[in-house]
Amino acid sequence: MNAGDFGDRLEVLELVETSLGTWEWVWLQTVWAKAEHQNYRSLVSNNSILQRSTRFTVHANTNITLHNALIFATGGGGHCHISDINMDKPGFYILTAAFVEHQNCECRRTETGMGVLNRPDVVELDPLVFPGILAEKYLRQSQGEPMSYSEYRYMLVTPKAIELEIGELVEVGGKLCQVAVAHLLDPYKNEYEVVMRWDN
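The following paragraphs examine the structure supplied in this document.

Conventions used here
- Residues numbered from 1 in each chain as written.
- Predicted model: local features only at pLDDT ≥ 70, side-chain atom pairs only at ≥ 80, totals over all residues.
- Heavy atoms only, no water.
- Helix = DSSP H or I, 4+ residues; strand = E, 2+ residues; numbered from the N terminus.
- Buried < 20%, exposed > 50% of the residue type's maximum accessible area, 1.4 Å probe, protein only.
- Contact = heavy atoms within 4.5 Å.
- Pairing = 2+ DSSP bridges.

### A few points about the environment of L184
Part 1: Inspection of the secondary structure assignment puts L184 in the loop between β13 (175-183) and β14 (189-199).
Part 2: On the accessibility criterion, L184 (42% relative accessible area) is partly exposed.
Part 3: Taking the C-alpha atoms as reference points, L184 and K160, separated by 24 residues in sequence, lie 8.4 Å from one another.
Part 4: Discounting residues that sit within four places of it in the chain, L184 has contacts with K160, N190 and Y192.

### Observations regarding the pairing of strand β5 (residues 79-86)
Part 1: Two strands pair when backbone bridges link them, and strand β4 (residues 69-72) and β5 are joined in this way by 3 bridges, in the antiparallel orientation. Its bridge partner being in β5, L70 is matched across the sheet by C80.
Part 2: One ladder, built from 7 bridges, connects β5 with strand β6 (residues 92-100); its direction is antiparallel. Bridge pairing in β6 places C80 opposite F99.
Part 3: The antiparallel pairing of β5 with β6 creates a hairpin that spans 5 residues between the two strands, and G91 there sits at a positive phi of about 85 degrees.

Have a look at this one:
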């Protein structure tokens, strides 16, 4: 490859707990890459629809793992989720990345203890604030007697450090969701099925 091929600037991000209970993507390093837009789409979540993808070739001395995220600085900006790192070509890493929109998420947490007369006492804890990716799964509409309701089910993809419990309420981009199912086996990310319901 020619040195002139590496004309695209990538900002490599890492997840950092900037204060107690608050996680953010922060700048780690800047690298130069060769960007190639792909005709196919890439997976952000194993349980949702595909996203538009790009392939970046970077030098192998770059310290990038699947725990990182990217900003495609010279491509008009935009966050990228790294879905694969191919190390087969000597001296280079080939990154497959999907363009995503990171959402600001806030998990509202409570703790139930024993209060006066041994009655349950619910105490609000400090919220967990973190970046996440909301991927569409499906919409369902149900007609019952005498009312109908709609249900949106999304996949909330979070960095591996973020752990949510079933039933917890999470505000994602201003929308309140409930965690319904957790998929935790991926070593680099967690996927949570979150549900929004409302009456029609």
